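# Coordinates in review
The lines below spell out each chain.
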Amino acid sequence: MLLARYQKEFIEAGCDEAGRGCLAGPVFAAAVILPRNFKHKLLNDSKLIPEEARYELRAEIEEKAIAHAVAWCDNLEIDEINILNASFLAMHRAIDKLLCIPQYLIIDGNRFNKYGDTPHACIVKGDSKYFSIAAASILAKTYRDDYMKQIAAEHPEYEWHSNKGYPTISHRKMVLQLGHTPYHRKTFRVTDPELLVL
C-alpha cells in the first residue's frame with residue numbers, strides 16, 4: 001500500500017520523470033501536490049499499470065490534485081547537458097509551473113539537483129511507495145506518450161506510436177539503417193541488435 005506523505009509538516013510535492021532511457025524524444029517530468037488524505041487503491045508506478053488505466057488515473061489525478069504540472073527537456077537539451085541533468089531540469093520546470101508552492105519535495109530515484117532552498121528527499125522506487133510520486137509518474141508517462149504518438153506520423157518507420165522512442169530491436173535497426181531524425185538523441189549510442197549475445 002502506498003503512503004500519502006513522506007513528512008507531515010510541510011506542503012509536499014512528488015516528482016518523477018518519463019523517457020530517460022529513450023533514443024528519441026524529450027524527457028518529460030511532472031510534479032504533483034495531493035490532498036493530505038488522498039488515497040487510491042489502483043494508483044501505482046506507471047510502469048505497472050496498463051495504458052488505458054493510466055489515462056483514467058490521469059484524469060482523476062488532475063481533478064483531485066491541489067496542484068499539478070508537466071514539463072520537459074527536448075533531445076537537443078539532453079545532448080547538451082546529458083540525460084541526468086535534463087531529467088532534473090525538467091523536474092525543476094514542472095515545479096516552477098505549480099500553482100501552489102511546495103515546501104518539501106520527494107523525488108523518485110537516488111539523486112537530484114537541489115531546487116532553490118526547498119528541502120527534498122530522494123526515494124529509490126518512490127513511485128511505488130508514495131502517492132504523489134506515483135501520480136507524477138502517471139502524468140509524465142501519459143503526456144510523453146501523447147507527444148511521441150503525435151510526432152510518430154512524421155517518421156512512421158521508427159514506430160514511435162508503439163515503442164515511444166525506447167530502444168526496441170526494430171527502432172535500433174531503423175536508426176542504423178536510416179540515421180537520426182531531428183528528434184533523436186545523438187549522444188545515445190545505438191548498437192546493432194544482431195551483434196548482441198543474448
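Report follows, based on the coordinates. (Residues numbered from 1 in each chain as written. Predicted model: local features only at pLDDT ≥ 70, side-chain atom pairs only at ≥ 80, totals over all residues. Heavy atoms only, no water.)

### Describing the pairing of strand E3 (residues 67-73)
The element E3 is extensively covered by neighbouring structure, given that five of its seven residues are classed as buried. As judged from the seven bridges shared by strand E2 (residues 27-33) and E3, these two strands associate in the antiparallel manner. Residue pairing for E3: isoleucine 33 is matched across the bridge by alanine 67. (Buried < 20%, exposed > 50% of the residue type's maximum accessible area, 1.4 Å probe, protein only. Helix = DSSP H or I, 4+ residues; strand = E, 2+ residues; numbered from the N terminus. Pairing = 2+ DSSP bridges.)

### Overview of the packing of aromatic side chains
Using the criterion set out here, one finds eight aromatic pairs in the structure. Relative to tyrosine 104, the ring of tyrosine 6 has its centre 6.0 Å away and its plane inclined at 25°; by these criteria the two rings are stacked. Of this pair, tyrosine 6 sits in the segment before strand E1 (12-18) while tyrosine 104 sits in strand E4 (residues 104-108), and the two are 98 residues apart along the sequence. With relative accessibility at 41%, the residue tyrosine 6 sits in the partly exposed group. An angle of 70° between the planes, with centres 5.9 Å apart, marks the rings of tyrosine 6 and tyrosine 130 as edge-to-face. On the criterion of sequence distance, the pair formed by tyrosine 6 in the segment before E1 and tyrosine 130 in the loop between strand E5 (120-123) and helix H4 (131-152) is long-range, its members being 124 residues apart. Tyrosine 130 gets classed as buried once you look at its relative accessible area, which sits at 10%. Here the aromatic residues Tyr6, Tyr104 and Tyr130 are joined through ring pairs into a cluster of three or more. It is arginine 185 that lies over the ring of phenylalanine 188; its NZ or CZ is 5.2 Å from the centre. (Phe/Tyr/Trp six-rings, centres within 6.5 Å; stacked < 30°, edge-to-face > 60°. Lys NZ or Arg CZ within 6 Å of the ring centre and 35° of its normal.)

### A short note on unusual backbone geometry
The backbone of asparagine 82 shows a phi angle near 85°, a positive value even though the residue is not glycine. Assignment of secondary structure puts asparagine 82 in the loop between helix H2 (75-81) and helix H3 (83-97). The phi torsion at glutamate 159 lies on the positive side, around 60°, for a residue other than glycine. Locating glutamate 159 in the fold gives a position in the loop between H4 and helix H5 (160-163).

### Comments concerning the nonpolar core
Within the largest apolar cluster, 36 residues are counted, with the highest numbers of intra-cluster contacts made by Cys15, Ile95, Leu98, Leu105, Phe112 and Trp160. Among the elements of the structure, E1, E2, E3, H3, E4, H4 and helix H6 (169-178) are those that each provide at least two residues to this core. Not counting chain neighbours up to four residues away, the residues in contact with leucine 98 comprise Ala13, Ala31, Ile33, Ala67, His68 and Ala69. (Core = buried A, V, L, I, M, F, W, Y, C linked by side-chain atoms within 4.5 Å. Contact = heavy atoms within 4.5 Å.)

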